[in-house]
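# Analysis of the macromolecular model
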Amino acid sequence: VQLQASGGGLVQAGGSLRLSCAASNRTFRNRRTTWFRQAPGKERNFVASIKWSGGFTTYSDPVKGRFTISRDNAKNTVHLQMNSLRPEDTAVYYCAESPSVIDSSLAFQSAYAYWGQGTLVTVSS
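Described in the following lines is the structure provided in the data block. Note that this is a predicted model, so its numbers are computed, not measured.

Attention now moves to the state of the cysteines. Tallied over the entire structure, the rule returns one disulfide. Note on cysteine connectivity: cysteine 21 is disulfide-linked to cysteine 95, with sulfurs 2.2 Å apart. Measuring the twist about the S-S bond at about 75°, one finds the cysteine 21-cysteine 95 disulfide to be right-handed. In this pair, cysteine 21 is assigned in strand E3 (residues 17-24) and cysteine 95 in strand E9 (residues 91-98), connecting sequence segments 74 residues apart. You'll find cysteine 21 and cysteine 95 in the same group, each marked buried.

The next point concerns the environment of tryptophan 52. Here tryptophan 52 shows up in the loop between strand E5 (44-51) and strand E6 (57-59). By relative accessible area, tryptophan 52 is classed as buried at 6%. Linking tryptophan 52 and leucine 120, residues 68 residues apart in sequence, is a C-alpha distance of 25 Å. Within polar-contact distance, the side chain of tryptophan 52 engages the side chain of threonine 33 at 2.9 Å.

Each value, and the rule that gives it
Residues numbered from 1 in each chain as written. Predicted model: local features only at pLDDT ≥ 70, side-chain atom pairs only at ≥ 80, totals over all residues. Heavy atoms only, no water. Disulfide = S-S within 2.5 Å. Helix = DSSP H or I, 4+ residues; strand = E, 2+ residues; numbered from the N terminus. Buried < 20%, exposed > 50% of the residue type's maximum accessible area, 1.4 Å probe, protein only. Polar contact = N/O pair within 3.5 Å; in protein donor to acceptor, adjacent residues only side chain to side chain.

Below, the structure written as C-alpha coordinates:
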(Lines give C-alpha, C1' and ligand atoms only; values in the text may rest on other atoms or scores of the structure.)
Protein backbone atom coordinates (compact mmCIF):
# COMPACT_ATOMS: atom_id res chain seq x y z
CA VAL A 1 0.00 0.00 0.00
CA GLN A 2 1.32 3.42 -0.94
CA LEU A 3 -0.24 6.48 0.67
CA GLN A 4 -0.23 10.00 -0.74
CA ALA A 5 -1.22 12.85 1.56
CA SER A 6 -2.21 16.21 0.11
CA GLY A 7 -4.19 19.37 0.80
CA GLY A 8 -1.99 21.21 3.25
CA GLY A 9 -1.30 24.91 3.04
CA LEU A 10 -1.38 28.27 4.77
CA VAL A 11 -4.66 29.47 6.26
CA GLN A 12 -5.73 32.12 8.73
CA ALA A 13 -7.09 31.21 12.12
CA GLY A 14 -10.76 30.33 11.84
CA GLY A 15 -10.35 29.05 8.31
CA SER A 16 -10.71 25.58 6.84
CA LEU A 17 -8.67 23.05 4.93
CA ARG A 18 -9.37 19.58 3.63
CA LEU A 19 -6.63 16.99 3.61
CA SER A 20 -6.73 13.88 1.49
CA CYS A 21 -5.03 10.52 1.78
CA ALA A 22 -5.10 8.51 -1.43
CA ALA A 23 -3.94 4.94 -1.54
CA SER A 24 -2.91 2.43 -4.11
CA ASN A 25 -3.54 -1.24 -3.60
CA ARG A 26 -5.86 -0.63 -0.70
CA THR A 27 -7.83 -3.84 -0.44
CA PHE A 28 -8.12 -5.00 3.17
CA ARG A 29 -11.72 -5.03 4.33
CA ASN A 30 -11.08 -4.08 7.96
CA ARG A 31 -8.34 -1.57 7.27
CA ARG A 32 -8.07 1.56 9.35
CA THR A 33 -6.76 4.93 8.20
CA THR A 34 -5.58 7.45 10.72
CA TRP A 35 -4.21 10.98 10.71
CA PHE A 36 -1.38 11.98 12.97
CA ARG A 37 0.31 15.35 13.24
CA GLN A 38 3.66 16.62 14.35
CA ALA A 39 4.19 20.22 15.35
CA PRO A 40 7.71 21.71 15.17
CA GLY A 41 9.84 20.35 18.00
CA LYS A 42 7.09 18.12 19.33
CA GLU A 43 6.08 14.48 19.22
CA ARG A 44 3.77 13.06 16.59
CA ASN A 45 0.25 12.79 17.97
CA PHE A 46 -2.99 11.09 17.04
CA VAL A 47 -5.63 13.27 15.37
CA ALA A 48 -8.45 11.17 13.91
CA SER A 49 -9.13 7.66 12.66
CA ILE A 50 -11.66 5.84 10.53
CA LYS A 51 -12.38 2.17 10.10
CA TRP A 52 -13.34 1.45 6.51
CA SER A 53 -15.72 -1.34 7.47
CA GLY A 54 -18.64 0.47 9.05
CA GLY A 55 -17.09 3.93 8.88
CA PHE A 56 -16.51 4.17 12.63
CA THR A 57 -14.57 7.30 13.59
CA THR A 58 -12.50 8.42 16.55
CA TYR A 59 -11.07 11.86 17.32
CA SER A 60 -8.56 13.31 19.71
CA ASP A 61 -9.94 15.80 22.20
CA PRO A 62 -8.19 18.87 20.71
CA VAL A 63 -9.92 18.42 17.34
CA LYS A 64 -13.25 16.96 18.37
CA GLY A 65 -16.10 19.05 16.99
CA ARG A 66 -13.85 20.86 14.50
CA PHE A 67 -12.38 18.09 12.34
CA THR A 68 -14.24 15.41 10.42
CA ILE A 69 -12.67 12.29 8.96
CA SER A 70 -14.46 10.50 6.14
CA ARG A 71 -13.86 7.95 3.43
CA ASP A 72 -14.66 7.95 -0.27
CA ASN A 73 -15.04 4.34 -1.34
CA ALA A 74 -15.17 5.13 -5.04
CA LYS A 75 -11.92 7.10 -4.96
CA ASN A 76 -10.23 4.97 -2.30
CA THR A 77 -9.44 8.14 -0.40
CA VAL A 78 -9.75 9.35 3.16
CA HIS A 79 -10.41 13.02 3.84
CA LEU A 80 -9.83 15.15 6.91
CA GLN A 81 -12.02 18.24 6.89
CA MET A 82 -10.54 20.78 9.28
CA ASN A 83 -12.69 23.73 10.33
CA SER A 84 -12.20 26.53 12.83
CA LEU A 85 -8.46 26.10 12.56
CA ARG A 86 -6.23 27.48 15.29
CA PRO A 87 -2.53 28.36 15.33
CA GLU A 88 -1.93 25.32 17.53
CA ASP A 89 -3.14 23.11 14.67
CA THR A 90 0.02 24.03 12.76
CA ALA A 91 1.88 20.80 12.04
CA VAL A 92 2.89 18.29 9.42
CA TYR A 93 -0.06 15.94 9.01
CA TYR A 94 0.57 12.29 8.20
CA CYS A 95 -1.87 9.62 7.16
CA ALA A 96 -1.22 6.04 8.18
CA GLU A 97 -2.96 2.78 7.48
CA SER A 98 -2.94 -0.82 8.52
CA PRO A 99 -4.96 -3.87 7.50
CA SER A 100 -6.27 -4.44 11.00
CA VAL A 101 -5.90 -2.27 14.08
CA ILE A 102 -7.65 -3.05 17.32
CA ASP A 103 -9.53 -0.16 18.85
CA SER A 104 -7.29 0.06 21.90
CA SER A 105 -4.24 0.61 19.65
CA LEU A 106 -5.60 3.04 17.09
CA ALA A 107 -3.82 6.07 18.56
CA PHE A 108 -0.39 4.44 18.57
CA GLN A 109 1.99 4.95 15.65
CA SER A 110 3.39 1.45 16.07
CA ALA A 111 0.02 -0.01 15.04
CA TYR A 112 0.37 1.24 11.47
CA ALA A 113 2.29 -0.46 8.70
CA TYR A 114 1.97 2.16 5.97
CA TRP A 115 2.61 5.89 6.07
CA GLY A 116 2.22 8.81 3.72
CA GLN A 117 4.85 11.48 3.28
CA GLY A 118 3.12 14.22 5.26
CA THR A 119 1.55 17.52 4.30
CA LEU A 120 2.24 20.82 6.06
CA VAL A 121 -0.60 22.83 7.56
CA THR A 122 0.22 26.32 8.78
CA VAL A 123 -2.39 28.39 10.61
CA SER A 124 -1.58 32.05 11.09
CA SER A 125 -3.01 34.13 13.92
